[in-house]
Amino acid sequence: METRVKIGIVSCSGEERPEGTVCRMACRRLLEQATDKTVTICLPLFIAGGREERTFATKYPTITVDGCEKRCAARATETLSAKPRMTLLIPEILQKHGLAVPKKRRNYGPDEEPAIQAVIEELAGAVETVLANI
Amino acid sequence: MDTSRKVVVLPCSGIGKAYGALSREIAYELAERVRPDKTAMTCLPLLVISDSDALKLVRENPVITIDGCPLECARKSLEAVGAKPAHACQSFKFYVAHKELKPEGVAQLNEAGRKLAGLAADELAATVDRLIAGEDA
């Protein structure tokens, strides 16, 4: 029986901003790479879903990833579910890696790949940190 | 006509399903290619945290919601802040009407999905025009 604790990843969806696309794509890829360690939820389900969705962050130690300083993922998770264990911010990650924010919101290719990889790297590290401290 | 009036295109935020990605792609097609001067987008999670600018935008302009699954996060999140969509649709229904174009892929849509998004945006253009003119969707 699978009893290992999984980490909940809550991504900003940021439809309006390129940082949101970076966020979504990095979180999605990390989830596919670490299916045994991670789960996710669509952020608006905290409102549109039921009790099951709102208990997400109480069931899973959660990492939020936000695309801008408004920090929708972190704020919504804490307000509507439970306080996240770690919060990440795309502009901070890109700055740390010396990368510019991509200019477009869709049709990502090789030009945007370094930004996505930087976020995956930071997020994977955050997952290991949270798992090590459970 | 009030030229500052925009139709807000609000797709679901689905990050786990192809139809969520399709919803978002339809919104981008509509806002970037088909009706760039008549539409605006906002991030759906901004409504979840009651961001004042986002609330003002959706309360003062007609909104088209495009949802990716029956849970209808976009429509419900809009209604939760006291606004109603002028037009609510589900991306799956565009696939039902164009079954030769099966959307696949979650992070990014396949070519069929992108074509379907373009067709859907073209179909929604008339709705945008009616809403800008102050007519019903």
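Summarised in this report is the structure supplied together with it. (Residues numbered from 1 in each chain as written. Chains lettered and ligands numbered in written order. Predicted model: local features only at pLDDT ≥ 70, side-chain atom pairs only at ≥ 80, totals over all residues.)

## A closer look at the environment of Cys73 of chain B
Following the sequence through the fold, Cys73 of chain B ends up in helix 4 (residues 73–80). Residues Cys73 of chain B and Asp51 of chain B, 22 residues apart in the sequence, show an inter-C-alpha distance of 17 Å. Not counting chain neighbours up to four residues away, the residues in contact with Cys73 of chain B comprise Cys42, Pro44, Leu45 and Ala48 of chain A together with Cys12, Ser13, Leu44 and Asp67 of chain B. (Helix = DSSP H or I, 4+ residues; strand = E, 2+ residues; numbered from the N terminus. Contact = placed C-beta atoms within 7 Å.)

## A few points about the sheet that holds strand 1 (residues 7–11) of chain A
Residue and element names in this part refer to chain A. With parallel pairing, the four strands of this open sheet are ordered in space as 2-1-3-4. Unpaired on one side and paired on the other, strand 2 (38–40) and strand 4 (86–89) mark the two borders of the sheet. The average undirected angle you get between the axes of adjacent strands in this sheet is 25 degrees. Bridge analysis of strand 3 (residues 62–66) against strand 4 gives four bridges, and the strand direction is parallel. Residue pairing for strand 4: Ile63 is matched across the bridge by Met86. This element, helix 5 (residues 72–80), spans strand 1, strand 3 and strand 4 of the sheet and lies at about 145 degrees to strand 3. Each of strand 1, strand 2, strand 3 and strand 4 touches helix 7 (residues 113–132); the most contacted strand, strand 4, lies at about 170 degrees to it. (Pairing = 2+ DSSP bridges. Axes fitted to C-alpha atoms, helices over the stretch in contact; angles between N-to-C directions.)

## Re the pairing of strand 1 (residues 7–11) of chain B
Residues and elements named next belong to chain B. Most of strand 1 is tucked away: five of the five residues are buried. On strand 1, burial covers both faces: Val7, Val9 and Pro11 on one face and Val8 and Leu10 on the other are all buried. Pairing between strand 1 and strand 2 (residues 39–41): three bridges, direction parallel. By the bridge assignment for strand 2, Val8 is matched with Ala40. This β-α-β element, strand 1 to helix 1 (residues 18–34) to strand 2, shows right-handed connectivity. (Buried ≥ 20, exposed ≤ 12 C-beta atoms within 10 Å, placed from the backbone. Right-handed = clockwise from strand over helix to strand, strands pointing away.)

## Observations concerning the environment of Ala76 of chain A
Within the element layout of this structure, Ala76 of chain A appears in helix 5. Linking Ala76 of chain A and Thr129 of chain A, residues 53 residues apart in sequence, is a C-alpha distance of 22 Å.

## What about the interface of chain A and chain B?
Listed as interface residues are 30 residues of chain A and, on the opposing side, 27 residues of chain B. Among the elements of the structure, helix 1 (18–33), helix 2 (45–48) and helix 5 of chain A are those that each provide at least two residues to the side of chain A that touches chain B. By residue class, the composition of the side of chain A that touches chain B is 14 nonpolar, six polar and ten charged. (Nonpolar A, V, L, I, M, F, W, Y, C, P; charged D, E, K, R; others polar.)

## Overview of the nonpolar core
Ranked by size, the top nonpolar core spans 85 residues in total, and within it Leu123 of chain A together with Val9 of chain B carry the most contacts. The greatest single-element share of this core, amounting to nine residues, is contributed by helix 1 of chain B. (Core = buried A, V, L, I, M, F, W, Y, C linked by C-beta atoms within 7 Å.)

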